Amino acid sequence: MDLMQNFLEVLANVIRTSPLAGRADITTVQAAVSSSWAQAFKDGTLDLRPTFNALISCARVELMDAARACLFLKSRERRLGLTLRLPSVVESLAHDVRVALLEQVSRQGVHSGVTNPGV
């Protein structure tokens, strides 16, 4: 499976298993990420700004929901085989805030998917 397809499947699973479920349209978000892939993926690094922007463009998705998703994806980058660059708005959050957001994701039972064991 190629990197983009793998990432899109993991992203779909993150949406399905998080508070984003029912608020973010998976197909729309995946289409936005897919269409920006050529610009966002350079030298083994994927810029998560298009993913973040696609999430917050969904009417009922809040900034912190999108931040949690990006932080969760970042925590899985080795397993994804990608280096992920957080959007500046997420990167600028204080370290303890980012840690707390990632802990919230863990408590919510978010996972990256059964289709990619160990991810």
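Draft legend 1. A look at the sheet that holds strand 3 (residues 83-85). Ordered in space as 1-2-3, the 3 strands form an open sheet in which the pairing is mixed. Strands with a single pairing partner mark the edges of an open sheet, and in this sheet they are strand 1 (41-42) and strand 3. Alignment of strand 2 (residues 45-47) against strand 3, held across 3 bridges, turns out to be parallel. Directly across from L46, in strand 3, lies its bridge partner L84.

Draft legend 2. A look at the pattern of salt bridges. Going through the model one piece at a time under the given rule, you end up with 6 salt bridges. Between R68 and D65 there is a salt bridge, with the nearest N and O atoms lying 3.0 Å from each other. Of the two residues, R68 and D65 are both situated in helix 4 (residues 63-75); the distance of 3 residues between them amounts to about one turn of the helix. Classification of R68 by relative accessible area gives buried; the value is 17%. In this structure, the salt-bridge partner of K74 is E77, at a minimum N-O distance of 3.1 Å. Exposure remark for K74: the relative accessible area of 27% places this residue in the partly exposed category.

Draft legend 3. View of unusual backbone geometry. Residue D43 is not a glycine yet carries a positive backbone phi of 50°. Relative to the elements of secondary structure, D43 occurs in the loop between strand 1 and strand 2. Note on D43: relative accessible area 81%, which makes it exposed.

Draft legend 4. Structural view of helix 4. Here helix 4 spans 18 Å end to end across 13 residues, near enough to the 18 Å set by a 1.5 Å rise per residue. Those residues of helix 4 that sit buried are D65, A66, A67, R68, A69, C70, L71, F72 and L73. Close packing links the buried residues of helix 4 with helix 1 (3-16), helix 3 (49-56), helix 5 (77-80), strand 3, helix 6 (88-91) and helix 7 (95-107).

Draft legend 5. Layout of the packing of helix 4 against helix 7. Interaxial distance between helix 4 and helix 7 falls to 9 Å at its minimum, and their mutual angle equals 85°. With respect to helix 7, the axis of helix 4 lies roughly perpendicular. Within the contact between the two elements, helix 4 uses M64, A67, R68, L71, F72 and S75 and helix 7 uses R98, L101, L102, Q104 and V105. Of the residues contributing to the contact of helix 4 with helix 7, the split by class is 7 nonpolar, 2 polar and 2 charged.

Draft legend 6. Highlighting the nonpolar core. Formed by 37 residues in total, the largest nonpolar core has its most connected members in F7, I15, A24, V29, L46, L55 and L84. Here F7 is in contact with V33, W37, L46, L48, T51, L73, L80, L82 and L84, once residues within four sequence places are set aside.

What counts and how
- Residues numbered from 1 in each chain as written.
- Predicted model: local features only at pLDDT ≥ 70, side-chain atom pairs only at ≥ 80, totals over all residues.
- Heavy atoms only, no water.
- Pairing = 2+ DSSP bridges.
- Helix = DSSP H or I, 4+ residues; strand = E, 2+ residues; numbered from the N terminus.
- Salt bridge = Lys/Arg side-chain N within 4 Å of Asp/Glu carboxyl O.
- Buried < 20%, exposed > 50% of the residue type's maximum accessible area, 1.4 Å probe, protein only.
- Expected span 1.5 Å × (residues − 1).
- Contact = heavy atoms within 4.5 Å.
- Axes fitted to C-alpha atoms, helices over the stretch in contact; angles between N-to-C directions.
- Parallel < 35°, antiparallel > 145°, perpendicular 65-115°, else oblique.
- Nonpolar A, V, L, I, M, F, W, Y, C, P; charged D, E, K, R; others polar.
- Core = buried A, V, L, I, M, F, W, Y, C linked by side-chain atoms within 4.5 Å.

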